[in-house]
Amino acid sequence: MIALSSIDRLVTRDRVRIAATCVLAATVIGLLYLVGTAHGTVDSLGRPLGTDFSNVWTAGWMADHGQAPQAWDWPTQHEVQKQVHHDPAIPFYGWHYPPPFLIVATLLAHLPYIVALFVWQGVTLALALWLVRRILPRDRDALLVALGAPVVLVCLGHGQNAFLTASLLGGGMLLLDRRPWIAGVLLGALVYKPQFAVLIPVLLLAHGNWRPFISAGLTAAALCLLTLVIWGWPVWQAFLDSLPLTRHIIIEAGATGWEKIQSPFAAIRQWGGSIPLAYAVQGVVSALAIVTAALVARRGAIELRGAAALSAALLCTPYVLDYDHVLLGIAIAFLAADMAKRGTLRWEPTWLAYAWIAPLYGRTVSEWTHFPVNLVAAIALLALAARRAAMFDAIFIPLGGREEHRHA
C-alpha cells in the first residue's frame, strides 16, 4: 500500500459528491436562465443559444438548400446566420470542419434551431454518460461525477461536439480488444475532427491492432466518399481553400482568445513567443505525447491505454479549446477504473481532482495569469497513465535469445 499525500487525503468520495452536486445545480440553473431569458434563438447577451452551434445548424441549412460549398465562405455564412437569428448584429461563428461533419449538420438542420440544439446536446451527452457507465459499471457515483463535471457546463454552453468526440475516441479505445471492427468504425468516424485522430494509427500499430486499423481507415474513407457522392468535389475544394485563412486567423493569431485555447502552441503565443517557436514547441510536445501513449499502448491495460490516448490527443493539436476537455473527463474515468482494480498511487487523487475541476476556472486563470491550467491537466493525466503502466503492467525485455518477464 502506497501512502497518500496530505492533499490526496482531502479528496474524499463525500467531498467529490458534494462538489459534483453543486456544479450540476449551477449547470442546470445557468442553462435554464439562458433559455428562459432568450428572445427566440438569441440569448440575453446577444449571442445565439449554443453559440458555436450556430455555425453547425447554418452550415447544414446551407447544404440542404444547395449552398454547401458556401458554408466555408465566412461572409456568406455570416449573412445566413443573421437571417436565421433575425439579428443583423449577431456575432459570427465560423465553420471550419471537414465535409464529413456536414452530414450531421444537414440532418440537424431539418429540425428547428432550438430543437436541433437540444437534440444534439442531449444525444451526444447521453452517449458520453453511457460510456462512463461502461468504464465504471460498479461505481455508484460515476454518473453524478461525470454529469456534474465543470466541462459539461462549458460544452453545453457552447453547443459543441466534444461529447461526440470523447464518445468516439473513448468508445473506440474501450472496445479495441473485444470488438475490434466496431472500435475501428468509432475511431474512423473521428475524420470529422481529425486533429484528435492523428495519434490513432500509431497507437493501433503499436499494439498490433490490425483489424481496428483497417476498419478505421475504411470508415474514414467511406465518410469522405459519401460527401463526394452527396455534394461533389466543390465542398472539399471549399474546405481546402479555407484552411490558410483558418490557420492564420484562428490558430496563429488566436482570434478565439489564447485563454480559451489550451495547447502548447497557444501557451507559447500567449507568453509572447513567435509563431515558428510555437510550432516547434507544439511539434516536440506532440511527438512526446504520441510516443508516451504508444508505449502505454504496447504494454498497458485497456484502461491505461484509453486514458493515455484521450489525454495525449489533447496535446497533439495546436487548436484545442477548454470544452474539448470532455476527453479528459473520459480519461479520468479510465484511470479511476484502473485505480479501482489495482489501487491508488501517491498524488493520483490530487491530480484527478485538479483535472476534473480545471475547466471551471481554467479560462479565467489563463486570462489573468497566462498559466495554462487545462494544458497542465492533460500533461498530468498522460503522465499518470504512463506511470501506472510502468509500475503495474508486464514489461518484456529480450535477454539471451528469450524474453524475461518481470514486473516493475
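Residues numbered from 1 in each chain as written. Predicted model: local features only at pLDDT ≥ 70, side-chain atom pairs only at ≥ 80, totals over all residues. Heavy atoms only, no water.

Asker: Just checking my understanding: could you explain the overall build of the protein for this structure?
Answerer: When you go through the protein residue by residue, the secondary structure sums to 18 helices and 2 strands. In terms of overall size, the protein behaves like a compact globule, its C-alpha atoms giving a radius of gyration of 21 Å where 408 residues would be expected to give roughly 22 Å. With respect to the principal axes defined by its C-alpha atoms, the protein has extents near 70 × 45 × 45 Å. A gap of 11 Å separates the mean positions of the 28 positive and 23 negative side-chain charges of the protein. (Helix = DSSP H or I, 4+ residues; strand = E, 2+ residues; numbered from the N terminus. Rg over C-alpha atoms; globule rule 2.2 N^0.38 Å. Lys, Arg positive; Asp, Glu negative; His and termini not counted. Charge placed at Lys NZ, Arg CZ, Asp CG, Glu CD.)

Asker: What is the right way to read the packing of aromatic side chains from this model?
Answerer: Each aromatic ring pair is characterised by the separation of its centres together with the angle its planes make. The tally for this structure, following the rule as stated, stands at 15 aromatic pairs. When the ring of Trp210 is compared with that of Phe213, the centres are 5.9 Å apart and the planes differ by 75°; the resulting orientation is edge-to-face. Of this pair, Trp210 and Phe213 both sit in helix α11 (residues 210-231), 3 residues apart, which is roughly one turn of that helix. Ring centres of Trp236 and Phe239 lie 6.0 Å apart, and the angle between their planes is 85°; on these two criteria the pair is classed as edge-to-face. Pair noted here: Trp236 and Phe239 are both in helix α12 (residues 233-252), with a separation of 3 residues, about one helical turn. (Phe/Tyr/Trp six-rings, centres within 6.5 Å; stacked < 30°, edge-to-face > 60°.)

Asker: Would you mind showing me how to read helix α14 (residues 275-299) here?
Answerer: Within an α-helix, residues lying three or four positions from one another point in the same direction, as the helix has 3.6 residues per turn. Along its 25 residues, α14 runs 37 Å from first to last C-alpha, staying within 8% of the 36 Å computed at 1.5 Å per residue. Those residues of α14 hidden inside the fold are in contact with α10 (200-206), α13 (264-270), α15 (302-315) and α18 (373-392). By the N-cap criterion, in which a side-chain oxygen at the helix start approaches the backbone nitrogen of a residue two or three places on, α14 is capped by Ser274, the distance to Leu277 being 3.2 Å. (Expected span 1.5 Å × (residues − 1). Contact = heavy atoms within 4.5 Å. Polar contact = N/O pair within 3.5 Å; in protein donor to acceptor, adjacent residues only side chain to side chain.)

Asker: Looking at this model, I keep getting lost on the packing of helix α17 (residues 348-369) against α18. Mind explaining?
Answerer: The angle between the axes and the distance between the axes are what describe a pair of packed helices. One way to put it is that α17 packs onto α18 with a least axis distance of 8 Å and a crossing angle of 160°. Judged by the inter-axis angle, α17 sits roughly antiparallel to α18. You can see that α17 and α18 cross each other, and the crossing is left-handed. Together, Glu348, Trp351, Leu352, Tyr354, Ala355, Ala358, Pro359, Tyr361, Gly362 and Val365 of α17 and Val373, Asn374, Val376, Ala377, Ala380, Leu381, Leu384, Arg387 and Arg388 of α18 make up the contact between the two elements. (Axes fitted to C-alpha atoms, helices over the stretch in contact; angles between N-to-C directions. Parallel < 35°, antiparallel > 145°, perpendicular 65-115°, else oblique. Left-handed = near helix turned anticlockwise from the far one by under 90°.)

Asker: In this structure, what is going on with the pattern of salt bridges? I would like to understand it.
Answerer: Pairing is possible between side chains of opposite charge, provided their charged atoms come close. In the structure shown here, the tally under the stated rule is 15 salt bridges. Across the pair Asp141 and Arg13 runs a salt bridge, and its minimum N-O distance is 2.7 Å. Taken as a pair, Asp141 in the loop between α5 (113-135) and α6 (142-147) and Arg13 in helix α1 (residues 13-36) lie far apart in primary sequence, 128 residues in all. Its relative accessible area of 10% is what places Asp141 among the buried residues. (Salt bridge = Lys/Arg side-chain N within 4 Å of Asp/Glu carboxyl O. Buried < 20%, exposed > 50% of the residue type's maximum accessible area, 1.4 Å probe, protein only.)

Asker: Just to check I follow, could you spell out the nonpolar core for this structure?
Answerer: Soluble globular proteins tend to pack their nonpolar side chains together in the buried interior. Of all hydrophobic cores here, the largest spans 129 residues; its most connected members are Phe53, Trp95, Leu102, Ile135, Leu169 and Leu381. Setting aside chain neighbours within four positions, we find Leu102 in contact with Ala59, Gly60, Ala63, Ala68, Trp72, Trp95 and Trp231. (Core = buried A, V, L, I, M, F, W, Y, C linked by side-chain atoms within 4.5 Å.)

Asker: Hey, could you run me through a nonpolar patch on the surface in this one?
Answerer: Residues Leu225, Leu226, Leu228, Val229, Ile230, Trp233, Leu240 and Leu243 make up a contiguous nonpolar surface patch of about 730 Å² in total accessible area. No other element matches the 5 residues that α11 contributes to the nonpolar patch. Relative to the helices and strands, Trp233 resides in helix α12. Residue Trp233 is classed as partly exposed on the basis of its relative accessible area of 47%. (Patch = residues over 30% accessible without salt bridge, like charges linked within 9 Å, V, L, I, M, F, W, Y side chains within 5 Å. Areas by Shrake-Rupley, 256 points an atom, 1.4 Å probe, with all protein chains shown as cover.)

Asker: How should unusual backbone geometry be read in this particular structure?
Answerer: For residues that are not glycine, phi is negative in most cases, and the peptide bond is trans in most cases. A positive phi angle, near 55°, is found at His86, a position not held by glycine. Its place among the elements puts His86 in the loop between α3 (74-85) and α4 (100-108). Judged by its relative accessible area of 71%, His86 is exposed.

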